[in-house]
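Here is how the chains run, residue by residue.
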Protein chains: 2
Amino acid sequence: MNQVIQTILERRSWRSYEARQIQEEQLEQILQCGLWAPSAMNQQSWHFTVVQNQPMIRRLTEGCQKMMGVETDPFYGAPTLILVTGKEGNIAPVADCALAMENMFLAAASLGLGSCWINCVGRYLTTEEGRRFAQDAGIPQGYAGVGCMILGYPKGPAPQPKERAAGAVHFVR
Amino acid sequence: MNQVIQTILERRSWRSYEARQIQEEQLEQILQCGLWAPSAMNQQSWHFTVVQNQPMIRRLTEGCQKMMGVETDPFYGAPTLILVTGKEGNIAPVADCALAMENMFLAAASLGLGSCWINCVGRYLTTEEGRRFAQDAGIPQGYAGVGCMILGYPKGPAPQPKERAAGAVHFVR
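This one's a predicted model, so the numbers in the text were calculated from it and none came from an experiment.

## Details of the relation of the copies chain B and chain A
Argument step 1. Overlaying chain B on chain A yields an RMSD of 0.0 Å, the required transformation being a rotation through 180° with an accompanying axial translation of 0.0 Å. Here the two chains are linked by the operation of a two-fold rotation axis. Minimal C-alpha distance to the rotation axis in chain B is attained by Val4 of chain B, lying at 2.5 Å.

## Thoughts on the interface of chain B and chain A
As a measure of interface size, the accessible area lost when the parts come together is often cited.
Argument step 1. Listed per partner, the contact involves 61 residues of chain B and 61 residues of chain A.
Argument step 2. Summing both sides of the interface, chain B and chain A together bury roughly 5,300 Å²; the carbon and sulfur share of this comes to 62%.
Argument step 3. When the buried surface of chain B facing chain A is broken down by residue, Trp36, Arg164 and Val172 of chain B rank first, second and third, together holding 15% of it.
Argument step 4. The interface formed by chain B and chain A contains two salt bridges.
Argument step 5. In this structure, Arg173 of chain A engages Glu24 of chain B in a salt bridge whose closest nitrogen and oxygen atoms are separated by 3.0 Å.
Argument step 6. When contributions to the side of chain B that touches chain A are tallied by element, the ones reaching two or more residues are helix H1 (3–10), helix H2 (24–35), strand E1 (46–51), helix H4 (93–110) and strand E5 (169–172) of chain B.

## Here we look at the packing of aromatic side chains
Residues and elements named next belong to chain A.
Argument step 1. Summed over all chains, the structure comprises four aromatic pairs over all chains.
Argument step 2. Judged by centre distance (6.5 Å) and plane angle (20°), the ring pair of Trp46 and Phe48 falls under stacked. Across the pair, exposure class does not vary: Trp46 and Phe48 are buried alike.
Argument step 3. Above the plane of the ring of Tyr153 lies Arg20, whose end atom (NZ or CZ) is 3.5 Å from the centre.

## Things to note about the pairing of strand E5 (residues 169–172) of chain A
Argument step 1. Residue alternation in E5 of chain A divides its side chains into a buried set, His170 and Val172 of chain A, and an unburied set, Val169 and Phe171 of chain A.
Argument step 2. Alignment of E5 of chain A against E1 of chain B, held across four bridges, turns out to be parallel. Residue pairing for E1 of chain B: Phe171 of chain A is matched across the bridge by Val50 of chain B.

Rules of the game
Residues numbered from 1 in each chain as written. Chains lettered and ligands numbered in written order. Predicted model: local features only at pLDDT ≥ 70, side-chain atom pairs only at ≥ 80, totals over all residues. Heavy atoms only, no water. Least-squares fit on C-alpha atoms with pLDDT ≥ 70 in both. Contact = heavy atoms within 4.5 Å. Buried area = accessible area lost by both parts, 1.4 Å probe. Salt bridge = Lys/Arg side-chain N within 4 Å of Asp/Glu carboxyl O. Helix = DSSP H or I, 4+ residues; strand = E, 2+ residues; numbered from the N terminus. Phe/Tyr/Trp six-rings, centres within 6.5 Å; stacked < 30°, edge-to-face > 60°. Buried < 20%, exposed > 50% of the residue type's maximum accessible area, 1.4 Å probe, protein only. Lys NZ or Arg CZ within 6 Å of the ring centre and 35° of its normal. Pairing = 2+ DSSP bridges.

In structure tokens:
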């Protein structure tokens, strides 16, 4: 099994992180991997907003908590968030962004970092408060929230693999 | 640069294939990689229909050609198609399927195979004729077309990388 396939099969969604920040070079490589995803008609419908500013992470945390009515940390202490937004009106912004995110998840795993897709941010950005946050964070107009990637050094034991559903593949031969 | 990041940066969408079929072991590894993608709330919303039957590929080819009013081969001679359909009503079937497809694209690239996302199949499956095709191909009910992955030994010179759009990343620090 080559390193690519091994990384794909062993990547896990991490929900526990060290507080220390990742290295600039790691972040740069991960972002490049996102940018080199395929996209419908090469529209590259993604925009990545990298948030490492603690007050802004706190504001987003509190906004999502309030929206969901929970007190738990939706970002699990990760020191870096990559907010992924897709250009409205393009052919396939959700798919384009997801392709880019998988590249970034795998690049992170290959560098020994942990990551996870967090879904609440996309919904939060559609709220009035979330739209103000988007503006203050500099998310370009005309881009809608697709997902949020949390990123950092993983902490604690690796998550156990979750069973795969049966019957997800069939052959026409 | 590790092998994972290199594969991500060097993967290209191939539009020219040899006629010979890929190996069974390669196909199995690629499908496994698709199945191990992350998904919203672990719903694993994907179903993969692997089509290697030539009359069925021809039927799908002609259906897509008719729908689009073109005579070119939408599958570029690839001997294997993986039709990726997403479970309707789930949280994020399009994103789940795209994550799985990127895993499969990268696994294919790591094995020296070529692949490309072909978009017309998803639309075709929504037509009356396409729904009959889906039934005959055994695509489970309640799953909608998301994408089609063409797969095979690449032929000819590697596609040139397309320029990345500027300004797709910004930082909040």
